[in-house]
Amino acid sequence: MANPFVDLFGEKLQSKNGKVSTEETLKGKVVGVYFSAHWCPPCRSFTPELAKCYKLLTETKAKNFEIVFVSSDNDEAGFNEYYGEMPWKALPYSERDRKKTLSSKYKVSGIPTLVILNEDGSVITRMVEVW
């Protein structure tokens with residue numbers, strides 16, 4: 001059976017330690033898809049708050065939760081700087097076509113947007129311009 005997250009994000013995600021297997025990283029997890037960018041003031045305000053929730057969930061309560069950052073940054077330098085502030089995984093910046101597909105699939109019209117997916121890849125909820 002195909003892994004819905006590999007279909008969405010590709011074989012590899014970016015982590016703080018380099019590329020990791022999407023299938024192994026997201027298997028059996030609820031996944032937040034976080035559309036954001038370093039140039040967006042509401043995103044810059046929301047990201048630290050989301051990071052607090054993420055740390056609480058993953059360190060204490062729900063080890064079956066992960067977030068994948070999908071960057072709307074204009075260049076890889078902006079992505080790298082902003083992703084450096086985040087504790088979760090990311091769609092590699094080089095995956096621009098996949099980013100466009102995800103933005104279209106989840107009807108992202110503004111950022112920050114957070115889409116929460118069930119373990120099977122179905123949408124639990126979608127929060128648009130959450131901050």
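The following refers to the structure shown. Please read all numbers here as calculations on a predicted model, not as lab measurements.

Moving on to the overall build of the protein. Each helix and strand counted, the protein has five helices and seven strands in total. Listing every helix and strand of the protein by position from the N terminus yields α-β-β-α-β-α-β-α-β-α-β-β. In terms of C-alpha radius of gyration, the protein reaches 13 Å, essentially the compact-globule figure of 14 Å for 131 residues. Each principal axis of the C-alpha atoms in the protein carries an extent, and together these give about 40 × 35 × 30 Å. For the protein, the residues scored as buried account for 49% of the 131 residues in total. Counting only contacts in the protein whose residues sit at least 6 apart along the sequence, the fraction spanning at least 24 positions is 59%. Carbon and sulfur atoms make up 50% of the accessible area of the protein, which amounts to about 6900 Å² in all.

Looking now at helix 5 (residues 96-105). Of the positions making up helix 5, those classed as buried are Lys99, Leu102 and Ser103. Projected down its long axis, helix 5 carries its buried residues within an arc of 100°, all on one side. The outward face of helix 5, more than 90 degrees from its buried face, is lined by the exposed residues Asp97, Lys100, Thr101 and Ser104. Turning to helix 5, the residues buried within the fold contact helix 1 (4-9), strand 3 (30-36) and strand 4 (65-71). Within two residues after helix 5, Lys107 carries a phi angle of roughly 55°, on the positive side.

This model, assessed by the stated rule, comprises eleven aromatic pairs. Ring geometry for Tyr34 versus Phe69: centroids 6.4 Å apart, planes at 45°, classification tilted. Residue Tyr34 is found in strand 3, and its partner Phe69 is found in strand 4; the two are separated by 35 residues along the sequence. Across this residue pair, the class does not change: Tyr34 and Phe69 are buried. Between Tyr34 and Trp88, the aromatic rings sit 5.9 Å apart at their centres with planes inclined by 85°, giving edge-to-face as the arrangement. Here Tyr34 is found in strand 3, whereas its partner Trp88 is found in the loop between helix 4 (76-83) and strand 5 (89-90), with 54 residues between them in sequence. Neither residue differs from the other here; Tyr34 and Trp88 are each classed as buried. Counting every residue linked through ring pairs, the aromatic cluster contains Tyr34, Phe46, Tyr54, Phe65, Phe69, Phe79, Tyr82, Tyr83, Trp88 and Tyr93. Lying over the aromatic face of Tyr83, Lys16 brings its terminal NZ or CZ to 3.7 Å of the ring centre. Residue placement shows Arg96 over the ring face of Tyr93; its charged tip is 4.1 Å from the ring centre.

Cut-off values and rules
Residues numbered from 1 in each chain as written. Predicted model: local features only at pLDDT ≥ 70, side-chain atom pairs only at ≥ 80, totals over all residues. Heavy atoms only, no water. Helix = DSSP H or I, 4+ residues; strand = E, 2+ residues; numbered from the N terminus. Rg over C-alpha atoms; globule rule 2.2 N^0.38 Å. Buried < 20%, exposed > 50% of the residue type's maximum accessible area, 1.4 Å probe, protein only. Contact = heavy atoms within 4.5 Å. Areas by Shrake-Rupley, 256 points an atom, 1.4 Å probe, with all protein chains shown as cover. Arc of directions from axis to C-beta. Phe/Tyr/Trp six-rings, centres within 6.5 Å; stacked < 30°, edge-to-face > 60°. Lys NZ or Arg CZ within 6 Å of the ring centre and 35° of its normal.

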